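# Chain and residue survey
Next come the chains, spelled out residue by residue.
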Amino acid sequence: MSDALPQNRQAGRGKTLVASVMIGLIAGIDNLGNGLAIAALLFTGPLMTGLGAGVGVVLLSAAILALLVALRSTQPNSVALVQETGVAILASTVATMAAGLQDAPDGVKVATAFAILGGSTLVTGLLFWMVGRLRLGRLVRFFPYPVVAGFLAGSGWLLVEGALAMVSGRHGLAAGIAELASPAIAFTATAAAGLAALLVAVMRRSDSPFAMPLVLLAAALAFHAALPLLGLTAEQVRGWGWLPGMAGDAGFSLPVPTEILALTDWGRVAEAVPAMVSVAVLGMLGLLLNVSGIELAQGRDIDADAELRSTGAANLMAGALGGPSGYVGLGMTLLAGRMGATGRGAGLATAAVILGGLFVAGWLVSVTPVFLTAGLILFLGVELLMEWLVEARHRLPRTEWLIVLAVVLAIAGIGFMEGLALGLAVSLAMFVYSYSRLPVIRGRHSGAELRSRVDRSPAASLHLTGAGAAIEAMQLQGYLFFGTAEQIVAPVRRRLEQAGGQPLRFLVIDFRHIKGMDSAAAGVFRRIRNLMEAAGATLVLSALPAAVEDAFRASGLDPEGDPVLRRAPDLDHALESCEEALLAETGRDGSDAPLLRHLEGMTGPHPRLGDAVAALDTLHLQPDELLIRAGEAASDIFIIGSGRVKVQITLPDGRPLRLRTMTAGAVVGEIALLLGQTRGADVVVEAPSTIHRLTAATLARLEREDPELALVLHRILATTLAQKVTLANRVIEQAAG
């Protein structure tokens, strides 16, 4: 048994080693093919003299990326690749540079191309490392998805244009199509298109990692086998442009850094900086999307910031050599996992295969038909267009897909940077439009419906039922900016212009659910303030956050010194102050009314109400005195004759929370007494008050000795309970609405 365990471990290591070697061969061969195609895409036409060094740089960069990511990635079996989407952008940028340096020597053009390529990778590596170092990786995922899809589809279009430039030797769609009139170029273009179509068909039907290399190898062998059958030599077809115009004995070569520094036109490099930044941002999004895909497929979390740092370091080294950028490949990494390559051997084997290919790079370039590299680039472009433009139509809502289409059309018709700007601008406009349609008015209520938590006398309550319509309460929510704040002005204007009924006296705007506000929204509230002033009304600002207050003051609104404005700590206090103002104007607050009048307001006239008043004890209390203490046994019912008290509870942190306020005519303490419960809250005197007390002993005695008077008292209690239930139901309805 003890001998079996080491044998099992050894067998497991052997299986992992074999899997790593296999994935290394697959990924290495794939990188060699892609490297040749990418170099041919970048160094075509007037840059053809740099193709040999370009192949060397691309392959060496691919090896560095595979090696360093394998050693430092938090995902051990990660396989990093040079990514063609960023290269598509740079190919267009390099072509523009070459056209601008038309009269310059070829050495200057090639050196500038290497400077742009390496500079882009340095920018990418620096951006990766900084975002990872600041742990901002997850924030990048908020980049608008339609814009990302548009960039990827636009990169596909640039690859299609690049394939045409590789065949024709001319950059630009119109110029490339014009060159197709040449039979030799037309043959190469037809062969490239046929190869791309074959690759699309094969890759759609086969999941085998050997499918693409075998198709490319078969196409190359068929081409060279056909030459002697047709009586053609390699040098003849090289002259026709069917093979690259370079000797086959060129070995492994790299650009000389001192020559690059000396010959580069740095002004042209500076003009390419926006494209470099675009490549870096697109690369970061691609890396994070691939990391997310690996997380989902393998069911384990991956530290995206650590991946950004390690991949950034690898790109910085590749950029220093003048090579293209890259990052972990989703397909190859998942394939490594499925084949059982769980360690770092997959990436190390990939790097070894690519380094081995460097020594035959010159020969590979010389014998690889142009239609093969062009067809591979065309296939990659078509795949990007199919996935991110055609198939995205079924995944995205129509408006978002139209953004993708607009970005692609802008990239194709104007340029990549213009497409980038258009995509961001349209996405921002769509976001503003969509967000502006979200309701910011949480609720609107008349003061006749929505009352403060103040129990008043029947006369005062009856008056507010009619006069409360002069109060309008508006509760807001969300974030207020120029697109949403306009929703508030229209209902205010309609309410002020409303014919008939109570004119608006108080507008309460509650900011408790507001998260923030910009300066444009503050200007909208200035307009509301002016509307209120013109109507002779008051604007009450409830639960005003500090940030919103700062925005008000910056726009010229002073919540403290403006006579049109009034502040309140919350909606309840705002409503209370408005109600007090309405009651004070008519003298119907009931503060000076005798207790008998309050009781008549509850039950109507009754000959025994005077006896009911005589049965009560009278208390005179001062502010802060405790009328009821929470937790005590209930033995009394209190009727407020004058003054006011507040019902409050103590929160776990020791802070008091006001539940209700009781004024003249209100009854307090009856629920606990009738249910035989202990007191649920404290009742504290707020102003000098006269309070009438009905003890449980008195009520029990009257039930025995004077049932008629006891019935009157019970009727008073029943009326107050019915009013409280009605008020509670109204609050529930408003909260549910």
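For the structure, see preceding data.
Described in the following lines is the structure provided in the data block. Quick caveat, the model's predicted, so the values are computed rather than measured. (Residues numbered from 1 in each chain as written. Predicted model: local features only at pLDDT ≥ 70, side-chain atom pairs only at ≥ 80, totals over all residues. Heavy atoms only, no water.)

Taken together, the side chains of Leu-122, Leu-126, Trp-129, Met-130 and Leu-316 present a nonpolar region at the surface, about 410 Å² in accessible area. Take Leu-126: it is sitting in helix 4 (residues 106-133). (Patch = residues over 30% accessible without salt bridge, like charges linked within 9 Å, V, L, I, M, F, W, Y side chains within 5 Å. Areas by Shrake-Rupley, 256 points an atom, 1.4 Å probe, with all protein chains shown as cover. Salt bridge = Lys/Arg side-chain N within 4 Å of Asp/Glu carboxyl O. Helix = DSSP H or I, 4+ residues; strand = E, 2+ residues; numbered from the N terminus.)

We now examine unusual backbone geometry. The backbone phi angle of Arg-135 is positive, close to 55°, even though this residue is not glycine. Assignment of secondary structure puts Arg-135 in the loop between helix 4 and helix 5 (145-168). Located in the positive-phi region is Ala-543, a residue other than glycine, with phi close to 50°. Relative to the helices and strands, Ala-543 resides in the loop between strand 7 (538-542) and helix 24 (546-554). A relative accessible area of 19% means that Ala-543 is categorised as buried. (Buried < 20%, exposed > 50% of the residue type's maximum accessible area, 1.4 Å probe, protein only.)

We now examine the side chain of Ser-452. When you line up the elements, Ser-452 lands in the loop between strand 3 (441-446) and strand 4 (454-455). A relative accessible area of 2% means that Ser-452 is categorised as buried. A distance of 2.6 Å separates the side chain of Ser-452 from the side chain of Glu-579, its partner in a polar contact. Residue contacts for Ser-452: discarding those within four places in its chain leaves Asp-572, Leu-575, Glu-576, Glu-579 and Arg-660. (Polar contact = N/O pair within 3.5 Å; in protein donor to acceptor, adjacent residues only side chain to side chain. Contact = heavy atoms within 4.5 Å.)

As paired strands, strand 4 and strand 12 (residues 656-663) are joined by 2 bridges and run parallel to one another. Within the sheet, the bridge partner assigned to Val-454 lies in strand 12 and is Thr-661. Sheet topology places strand 11 (residues 636-650) next to strand 12; 7 bridges connect them, and they run antiparallel. Each bridged residue has a counterpart across the sheet, and for Val-647 the counterpart in strand 12 is Arg-660. From the end of strand 11 to the start of strand 12, which pair antiparallel, there are 5 residues, and Gly-654 there has a positive phi angle of about 95°. (Pairing = 2+ DSSP bridges.)

A few words on the sheet that holds strand 8 (residues 565-568). Taken together, 5 strands build an open sheet; the order of strands is 3-5-6-7-8 and the sheet is mixed. This sheet does not close on itself; its edge strands, each paired only once, are strand 3 and strand 8. When the angles between neighbouring strand axes are averaged without regard to direction, this sheet yields 20°. Strand direction decides the pairing type here: strand 7 and strand 8, joined by 4 bridges, are parallel. Bridge pairing in strand 8 links Ser-542 to Ala-568. Strand contacts of helix 23 (residues 519-534): strand 5 (471-480), strand 6 (506-517), strand 7 and strand 8, with the helix running at about 175° to strand 6, the strand carrying the most contacts. The strands touched by helix 24 within the sheet are strand 6, strand 7 and strand 8, with strand 6 carrying the most contacts at an inclination of about 110°. (Axes fitted to C-alpha atoms, helices over the stretch in contact; angles between N-to-C directions.)

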